[in-house]
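If you want the building blocks of each chain, they are given just below.
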Amino acid sequence: MILSADAETLWGAATGLARTVAGVSRDPARPPLLFFTDPVRTPQPWLTAAALPSGAAVVYRAFGAADARSVAERLRQVTAARSVRLLIGLDADLAEVAEADGVHLPERALDQALALRRRHPRWLVTGAVHSSATLAGAGALSAAVLSPVFAAGGTSGHRPALGVEAFATAVRAAPVPVYALGGISAANADTLRGSGACGLAGVASIRAAFGHAVRI
């Protein structure tokens, strides 16, 4: 697989962050890069999943789609072949059916984290957070995803950007490893070096960067 220059930059920044914080990881296999799906911005997420490097992860967010099971199963087939991990947004039942590697919880459902980790000790249970206060209380997660770091679209589009300095301050006080999400691209990913993030997460930027991968 030959990656585009943007994909190489994102993957290099993500793996560099992951190596820096590896000593505090609860999960030695925690992915450095999370590709979040979105029904509008990533209409065929399996195509991007098929281009991700081994060790990355896909977070499939069905948002109640009627074809959620078939898409989840297709993603599982693709990710398994690439040694890419698969998380399911919120729906633990779908995660079980699809034999996923874990669940990603929206901020409103973070109280489910402890029960899910007890029920599935091998699962990676991540959760969305949007403030330092929420992050401070997210200790039951395997890792948190804090956003938006930069100006972003999608569900975080109405939220003010944290900026690298505020993001880094929140990470230093966090009880769990933290991913950076929101407006991250190949152009700004390197500015997060030294921030304490355990990796990067994205939607459209990852789709765009890895959409130009060439299989050899």
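Bear in mind the structure is a predicted one, so any value in this text is a computation, not a measurement.

**Q** Help me understand the pairing of strand β6 (residues 143–146) in this model?
**A** Every other side chain in a regular strand lies on the same face of the sheet, so the side chains alternate between the two faces. With burial as the criterion, each face of β6 is covered, one bearing A143 and V145 and the other bearing A144 and L146. Across three bridges, the pairing between β6 and strand β7 (residues 178–180) is parallel. Paired with L146 across the strands is A180, a residue of β7.

**Q** When you look at the sheet that holds strand β4 (residues 102–105) in this model, what are you seeing that I'm missing?
**A** Remark on secondary structure: sheet strands pair via backbone hydrogen bonds, oriented parallel or antiparallel. Strand order in this closed barrel of eight strands is β1-β2-β3-β4-β5-β6-β7-β8, and the pairing throughout is parallel. For this sheet the average axis-to-axis angle between neighbouring strands, irrespective of direction, equals 30 degrees. By the bridge criterion, three bridges tie strand β3 (residues 85–89) to β4 in an arrangement that is parallel. Note that in β4 the partner of G89 across the bridge is H104. Its contacts with the sheet put helix α1 (residues 5–20) on β1 (33–36) and β8 (199–202), and the angle it makes with β8 is roughly 135 degrees. Along the sheet, helix α3 (residues 68–82) makes contact with β2 (57–60) and β3, crossing β3 at roughly 160 degrees.

**Q** Would you explain the pairing of β8 in this entry?
**A** Of the two faces of β8, the one carrying G199 and A201 and the one carrying L200 and G202 are both buried. Bridge count for β1 against β8 is three bridges, and the pairing is parallel. Looking at the pairing, L33 lines up with L200 of β8. Direction of pairing for β7 relative to β8: parallel, over a ladder of two bridges. By the bridge assignment, A180 is partnered in β8 with L200.

**Q** Explanation requested: the nonpolar core in the structure shown.
**A** It is characteristic of soluble globular proteins that their nonpolar side chains tend to be buried jointly. Core analysis: the biggest nonpolar cluster contains 62 residues, and Y60, L105, F167, L192, L200 and F210 have the highest contact counts within it. The leading source of residues in this core is α1, at six residues. Setting aside residues no more than four positions away along its own chain, L105 makes contact with L90, L110, Q112, A113, L116, V125, T126, G127, A128 and L141. By size, the runner-up hydrophobic cluster in this structure holds 14 residues, among which are F36, A57, Y179 and A201.

**Q** Looking at this structure, how should I read the side chain of S142?
**A** You can see S142 is positioned in the loop between α6 (132–136) and β6. There is a polar contact of 3.4 Å between the side chain of S142 and the side chain of R117.

**Q** Looking at this structure, how should I read the pattern of salt bridges?
**A** Close approach of charged atoms allows side chains of opposite charge to pair. The full count for this structure, using the stated rule, is five salt bridges. Its salt-bridge partner being D101, residue R76 comes within 3.0 Å of it at the nearest N-O pair. Remark: D101 occurs in the loop between α4 (92–97) and β4 and R76 occurs in helix α3; sequence separation between them is 25 residues. R76 sits in the buried class, given a relative accessible area of 14%. Look at D101 and you get partly exposed, because its relative accessible area is 22%. Residues D190 and R193 are paired through a salt bridge, measuring 3.1 Å at the closest nitrogen-oxygen approach. In this structure R193 comes out as partly exposed when scored by relative accessible area, which is 46%.

**Q** Sorry if this is basic, but what is going on with the environment of A186 here?
**A** Positionally, A186 belongs in the loop between β7 and β8. The contacts of A186, once residues within four sequence positions are left out, are D6, T9 and L10.

**Q** How should I be thinking about α1 in this particular structure?
**A** Each α-helix winds once per 3.6 residues, and so residues spaced three or four apart point in a common direction. In this model, α1 (16 residues) spans 23 Å end to end at C-alpha, consistent with the 22 Å of a helix rising 1.5 Å per residue. Among the residues making up α1, those that are buried are A7, L10, W11, A13, A14, T15, G16, L17 and A18. Close packing links the buried residues of α1 with β1, β8 and α8 (204–210).

**Q** What should I look at first to understand the environment of E73 in this one?
**A** Tracing the backbone shows E73 in helix α3. Once the C-alpha coordinates of E73 and E99 are considered, the two residues, 26 residues apart in sequence, prove to be 8.3 Å apart.

Rules used in this analysis
Counting restarts for each chain, with residues numbered from 1 along the sequence as it is written. Totals for whole chains, interfaces and linings use all residues, but because this is a predicted model, local features are given only for residues with pLDDT of at least 70 and pairs of side-chain atoms are given and counted only at 80 or more. With hydrogens and water stripped out, all remaining heavy atoms of the structure feed into the side-chain values. For every residue, the accessible area (1.4 Å probe, protein chains only) is compared with the maximum for its type, and the residue is labelled buried under 20%, exposed over 50%, or partly exposed between those bounds. Labels follow the DSSP assignment, with helices taken as runs of H or I lasting at least four residues and strands as runs of E lasting at least two, numbered in each case from the N terminus. Strand pairing is defined by DSSP finding a minimum of two bridges between the two strands. Helix axes are fitted to C-alpha atoms over the stretch in contact, other axes to C-alpha atoms as well, and angles between N-to-C directions run from 0 to 180 degrees. Here, residues are in contact when the closest pair of their heavy atoms is within 4.5 Å. By nonpolar core is meant a set of buried Ala, Val, Leu, Ile, Met, Phe, Trp, Tyr and Cys residues that side-chain atoms within 4.5 Å join together. In protein, a polar contact requires one atom able to donate a hydrogen and another able to accept it; more generally it is a pair of N or O atoms within 3.5 Å, and residues adjacent in sequence count only if both atoms are side-chain atoms. A side-chain nitrogen of Lys or Arg and a carboxyl oxygen of Asp or Glu constitute a salt bridge if their distance falls within 4 Å. A helix is expected to span 1.5 Å for every residue after the first.

Any link to function would need more than the numbers given here.
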